[in-house]
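# Summary of structural features
As a plain string of letters, each chain reads:
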Amino acid sequence: MAFDRDVVIVGAGISGLHAALTLEAKGASVVVIEAQQRVGGRIHSMRQLGNTAEAGGTYIGAGYTRTIGAAQRHGVELMDVTSVLEFFREQDLVYRGEIIRQKDWPAHPVNDFPAGDKEHLPWNYHRVLTMRANPLEDPSAWLDPRHARLDVPACDWFRSQGLSDKAIELAYGLNVSFGRDARDVSALLLLFRGAFSKSQRAAAPQGSLGYTARHGVQRICEAMAGAIQGGVELGHVVTGISQNADGATVHCANGRRFTAQHVIAALPVGVLNRVALDPALPKAQAEAIAHLPSQPLTQVYLAPKSKFWESDGYAASLFTDTQAGMLAAARNRERPSEVTSLTAWITAAHAAALDRLSPADAGRAVIAAIEKIRPAARGQLEVLGMHSWGGDPYAGGAWAYFRPGDVTRYAAVLGNAHGRLHFCGEHLALKSRGMEGAMESAEEAVAEILANA
């Protein structure tokens, strides 16, 4: 059987691109194929009106050594965003129709956090807990069988830390990172994220919180793609991957076929579910991929016509329990006090509801929610653009998450090599999260191939 390449990589996100470059450095011939007309996957820099809004890959953690290294190797300028990120702490809370200023929160009647923790704000309290009371020795320990008892609903673990049901709603139920609420996500996943955050803080340079790339984080992926000798071919929607004892074939909707000794599927689980695999995956692995959900997330980018936050006296940024989600003010890096735009980050049920509307109606619904909260905003906002990860056919959601019991049930088999087919992506990382996790998993897939070369 004659092969087009040693390895075909399906998916040009940062995981697939890193796998390609790592393989080429080891002497393998590679081609990357991508369904969209851009590279980056869930790293997507929305370039509009002279500004860049990050729809995915929001910023690069100061301890993201793989991501920072890739930017440096490929000549992408990184800019420290510490001065801007400091302003993200300046947001007020909206809860059940009332705007609550940060300074009023510790003594506010609705604050049901335990005594001694009332100064913590709802948007960071669950992170504080999963770092402060984290039983994991290091991030990789989340898969140690000793910790399987923590693969329970997150609300159960929060109760073990002394939180009431009302406190759990405030700490996790307003803008949900994983799942629909604290019953729908495994505590073990949140503790893994907490352990990773702790390790990141320890690895970060003194005084730095993170970076962005000039002209958008997607520039890193674009530079990586440009460095791949075998190239990246866009516009190939993969419908099937077949293999036999000699090699593998990738089948595309446009009739193209790519043959290789090995294939790496660098795809989100929701997309991989639509690819026909021959032979089929083992039952446990197929069930894991079919079962793993992805988080709905919709971002609406808004241009303010005036500084209405100065007239009503509340912070420009609001953390709300409404369809406006978390309204974050984007800042000018050179002049951080200057607000350049606003982004509404909407998750879970609110995002799913917006996904059922047309983009125009979704934008109007978000603006209406903001205007209802703060009348000073009436007539002062216009939609610049939006992106729904839940409605994106090439993503199926912003990121995958584990429901209670699913870590122990599925994590060990989810990314297993299947003959000549290998898998990578952030959801398969064992030690890292985000872009670092995506690149970590790429290295694992490459190691599998090289071990069988």
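The preceding data block contains the structure.
Summarised in this report is the structure supplied together with it.

### Here's the deal with the sheet that holds strand S5 (residues 60–61)
Think of a sheet as strands paired side by side through backbone hydrogen bonds, with each pair either parallel or antiparallel. Pairing within the open sheet is antiparallel, and its three strands lie in the order S5-S9-S6. Strand pairing shows two members of the sheet lacking a second neighbour, S5 and strand S6 (78–80), which therefore form its edges. Here three bridges tie S6 to strand S9 (residues 210–213), and the two strands are oriented antiparallel to one another. When the sheet's bridge partners are listed, Asp 80 is paired in S9 with Tyr 211.

### A closer look at the layout of surface pockets
In this structure, the second largest pocket occupies an estimated 370 Å³ of space. For the lining of the second largest pocket, the secondary structure elements donating two or more residues are helix H5 (154–160), helix H6 (165–172) and helix H12 (348–355). For the lining of the second largest pocket, the element with the highest residue contribution is H6, accounting for four residues. In terms of residue class, the lining of the second largest pocket is made up of nine nonpolar, four polar and eight charged.

### Quick notes on the state of the cysteines
Formally, a disulfide is one covalent bond, and it connects the sulfur atom of one cysteine to the sulfur atom of another. The tally for this structure, following the rule as stated, stands at zero disulfides. Free cysteine: Cys 424, not disulfide-bonded; nearest cysteine sulfur from Cys 221 at 12 Å.

### Remarks on the environment of Glu 54
Position of Glu 54 among the secondary structure elements: in strand S4 (residues 51–56). The spatial distance from the C-alpha of Glu 54 to the C-alpha of Pro 153 is 31 Å, given a sequence separation of 99 residues. The residues contacting Glu 54, other than those within four sequence positions of it, are His 44, Ser 45, Thr 212, Gly 216, Val 217, Gln 299, Tyr 301 and Trp 345. Among the polar contacts listed, one links the side chain of Glu 54 to the backbone nitrogen of Val 217, at a separation of 2.9 Å.

Thresholds, definitions, all that
- Residues numbered from 1 in each chain as written.
- Predicted model: local features only at pLDDT ≥ 70, side-chain atom pairs only at ≥ 80, totals over all residues.
- Heavy atoms only, no water.
- Pairing = 2+ DSSP bridges.
- Helix = DSSP H or I, 4+ residues; strand = E, 2+ residues; numbered from the N terminus.
- 1 Å grid on protein atoms, 1.4 Å probe; cavity = no way out; pocket = protein on both sides within 12 Å on 5 of 7 lines; lining within 4 Å.
- Points joined across faces, edges and corners; volume = space filled by probe spheres on them.
- Nonpolar A, V, L, I, M, F, W, Y, C, P; charged D, E, K, R; others polar.
- Disulfide = S-S within 2.5 Å.
- Contact = heavy atoms within 4.5 Å.
- Polar contact = N/O pair within 3.5 Å; in protein donor to acceptor, adjacent residues only side chain to side chain.

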